[in-house]
Amino acid sequence: MIELEIRDGVAEVVLNAPAKLNALGEAALRDLSDAYEQAEFAGVRALVLRGEGRAFCAGRDIAGVDPRDDDVQGYLGGIVEPLLKRMSRFPAPTFAVAHGACLGVGLGLLIASDIVYVADTAKIGSPFKNLGATLDSGGHALFYERLGAHRTMDLIVTGRLMSGAEAVAAGLFSHVFPADEVTDATRRAAHEAASGPTQAFIASKRLIADLRDHRHGLWSSMSDENRAQAALCDTDDYREGFAAFQEKRPPHFTGRG
């Protein structure tokens, strides 16, 4: 489901599983990491990440996952977090096209990109209350830094999703475009970046990464999220949330551990 095309010094990485809103399982995440490695080896000077169909990425593919023996720490800490670190350290400017659902690990992919252009139809937030789970992939750090504690908790507790325009107005991402224009706008920006001073861009990437890591603790926060999610796996509500999602019915939570 991961496709890579390289043209004129620009790599385009595509999440291509539209039937499941580009939800990512372990194999797809490893393929995505491989695509970034191949693009780096090819020496591209910019990269575009996008998704096919109605959504960018709806998060983790939990089809067939049994919450009773789900190794969520292995998934988040062993696969997702290393991938996001690889993406954030890619040696050229990276762009992402956000449209439709951008949730969970899908949100993490955006956080790990340098520049995010957002469709007005994008949906961004924390829908995890319906799974008995918590926000992951760096979402707590991003929302807290840009929205503050109260608005972050409001998104988590209500499960309300922000539109693309709201997300850009709040400073989460770069620019908002009509849905039928956002991909072309992103490609134009990537090709412009590819003709620019790549080493200067890389220097700025390193400086910004250092600021984000040490001042705002993105990676330490992500590790905390992974541990919290692993602890939630042992709760009745987590198991109920997964079962309800897989059975396509509303969850019935008890609030007990």
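Look a little higher up for the structure.
Everything quoted here is computed from the prediction, not taken from an experiment.

Caption draft 1: Fine view of the pattern of salt bridges. Under the criterion given, the structure shown has 12 salt bridges. For Glu12, the salt bridge identified is with Arg50, shortest N-O distance 2.6 Å. Linking Glu12 in strand 2 (residues 10-15) with Arg50 in strand 3 (residues 46-51), this pair joins segments that are 38 residues apart in sequence. Glu12 sits in the buried class, given a relative accessible area of 15%. The exposure class of Arg50 is buried, given its relative accessible area of 14%. Among the charged side chains, a network of salt bridges with common partners joins Glu12, Arg50, Glu52, Asp184 and Arg187.

Caption draft 2: The sheet that holds strand 3, seen in detail. Sheet architecture is open: six strands sit in the order 1-2-3-4-6-9, paired in mixed fashion. Looking at strand neighbours, the two that pair on one side only are strand 1 (2-7) and strand 9 (175-177), the edges of this open sheet. Averaged over all neighbouring strand pairs, the angle between strand axes comes to 20°, with direction disregarded. Of the pairings in the sheet, the one linking strand 4 (residues 94-98) to strand 6 (residues 115-119) comprises four bridges and is parallel in character. Residue pairing for strand 6: Phe95 is matched across the bridge by Ile115. Strands in contact with helix 1 (residues 26-41) are strand 1, strand 2 and strand 3; relative to strand 1, the strand with the most contacts, it is inclined by about 10°.

Caption draft 3: Geometry of helix 4 (residues 139-158). In this model helix 4 runs just 15 Å from its N-terminal to its C-terminal C-alpha over 20 residues, more than 12% under the 28 Å that 1.5 Å per residue would give. Where helix 4 bends most, at Gly148, the angle is about 120°. The complete set of buried residues in helix 4 reads Gly139, Ala141, Leu142, Phe143, Leu147, Thr152, Leu155 and Ile156. Downstream of helix 4 by a residue or two, Gly159 has a phi angle that is positive, lying close to 75°.

Caption draft 4: Layout of unusual backbone geometry. Unlike most non-glycine residues, Asn22 shows phi in positive territory, near 60°. In this structure, Asn22 sits in the loop between strand 2 and helix 1. The phi angle at Ser137 is positive, at roughly 60°, despite the residue not being glycine.

Caption draft 5: Summary view of the pairing of strand 4. Burial within strand 4 is extensive, with five of its five residues counted as buried. Sheet topology note: the strand 3/strand 4 ladder contains three bridges and is parallel. Bridge assignment links Leu47 to a residue of strand 4, and that residue is Thr94. Between the parallel pair strand 3 and strand 4, the chain is carried across by helix 2 (residues 72-88), and the sense of this crossover is right-handed.

What counts, and where the lines are drawn
Residues numbered from 1 in each chain as written. Predicted model: local features only at pLDDT ≥ 70, side-chain atom pairs only at ≥ 80, totals over all residues. Heavy atoms only, no water. Salt bridge = Lys/Arg side-chain N within 4 Å of Asp/Glu carboxyl O. Helix = DSSP H or I, 4+ residues; strand = E, 2+ residues; numbered from the N terminus. Buried < 20%, exposed > 50% of the residue type's maximum accessible area, 1.4 Å probe, protein only. Pairing = 2+ DSSP bridges. Axes fitted to C-alpha atoms, helices over the stretch in contact; angles between N-to-C directions. Contact = heavy atoms within 4.5 Å. Expected span 1.5 Å × (residues − 1). Bend = angle between axes of the 7 residues up to and from the residue. Right-handed = clockwise from strand over helix to strand, strands pointing away.

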